[in-house]
Amino acid sequence: MEWIKNGEFRDPLARGWTCEGEFTQTDRGVEGRPGGQSYAGCTQRVPVVAGTRYSFAASMAGAYTFVTVSGTGTGSGEVTLWADGPNWRSLATTLAIGNSHEVTVTFHGWYGQGPYQVNRVSMIGPMYPDECATPSPAPSVPGPSAPAPASTPPCLPRPAEPPTGSV
């Protein structure tokens, strides 16, 4: 399931993204123009399921283009895909989500550099961990020497559908 709202930028940029700086929507996505005091960035908060993995990808071009995920709850800091140059690059990675129920996805250029383009940001998942263990059957021999039943690890809840409507 896709969790990024308006990740192909077919709707107005304000649908799903909070932006600062100078932007233009084109037939190929979004073009940002960083300034000396602005990196022309857009941010989106995305709900996630703790303890799972997601496939994260972006297509970008231009001077120092970054697409970042922060707040994964793994302690490893941000996960960043980046490109530098006029040719389009499609980059992907797997996100491990720790003890977090929301991440922040950001795309931006770099201060004082040339324009950049992003035409797709995607986060597909969750890819669930191993199936929940099935409980062990109760011992057939009653009595004080019988072992206690094995505990069953909790199953993760199924995620809710991504939120809909305008932001």
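For the structure, see preceding data.
Residues numbered from 1 in each chain as written. Predicted model: local features only at pLDDT ≥ 70, side-chain atom pairs only at ≥ 80, totals over all residues. Heavy atoms only, no water.

Visitor: What is the right way to look at the nonpolar core in this model?
Guide: For soluble globular proteins, the rule of thumb is that nonpolar side chains tend to be buried together. Grouped together as the largest cluster of nonpolar side chains are 30 residues, with contacts concentrated most on Trp 17, Phe 56, Val 105, Phe 107, Val 121 and Met 123. When residues of this core are traced back to their parent elements, those giving at least two are β4 (41-47), β5 (53-70), β6 (79-96), β7 (102-108) and β8 (116-127). In terms of residue count, β5 provides more of this core than any other element does, six residues in total. Those residues within four positions of Val 105 in sequence are excluded, and the remaining contacts are Ile 4, Trp 17, Cys 42, Thr 43, Gln 44, Val 46, Phe 56, Thr 68, Val 69 and Val 121. (Core = buried A, V, L, I, M, F, W, Y, C linked by side-chain atoms within 4.5 Å. Buried < 20%, exposed > 50% of the residue type's maximum accessible area, 1.4 Å probe, protein only. Helix = DSSP H or I, 4+ residues; strand = E, 2+ residues; numbered from the N terminus. Contact = heavy atoms within 4.5 Å.)

Visitor: Would you mind going over the state of the cysteines with me for this structure?
Guide: Disulfide: a covalent bond connecting the sulfur atoms of a pair of cysteines. According to the stated counting rule, one finds one disulfide in the structure shown. Between the sulfur atoms of Cys 19 and its disulfide partner Cys 42 the distance amounts to 2.0 Å. Judged by the sign of its S-S torsion, about 110 degrees, the cystine formed by Cys 19 and Cys 42 is right-handed. Pair noted here: Cys 19 is in strand β1 (residues 18-20) and Cys 42 is in strand β4, with a separation of 23 residues, a long-range link. Judged by relative accessible area, Cys 19 falls into the partly exposed class, the value being 29%. (Disulfide = S-S within 2.5 Å.)

Visitor: How do you make sense of the environment of Thr 43 when you look at a structure like this?
Guide: With respect to the helices and strands, the residue Thr 43 is situated in strand β4. The class of Thr 43 is partly exposed, set by a relative accessible area of 29%. C-alpha separation for the pair Thr 43 and Phe 107, spaced 64 residues apart in sequence, amounts to 6.7 Å. Discounting chain neighbours no more than four positions away, the residues touching Thr 43 are Gly 16, Trp 17, Thr 18, Thr 104, Val 105 and Thr 106.

Visitor: What exactly am I supposed to notice about the side chain of Glu 31 here?
Guide: For Glu 31, the position within the fold is in strand β3 (residues 29-33). A polar atom in the side chain of Glu 31 sits 3.3 Å from the side chain of Arg 33. For Glu 31, the side chain forms a polar contact with the side chain of Gln 117, separated by 3.0 Å. Other than its neighbours up to four places away in sequence, Glu 31 contacts Glu 22, Phe 23, Thr 24, Pro 115, Tyr 116 and Gln 117. (Polar contact = N/O pair within 3.5 Å; in protein donor to acceptor, adjacent residues only side chain to side chain.)

Such coordinate-based values are descriptive only and should not be taken to indicate function.
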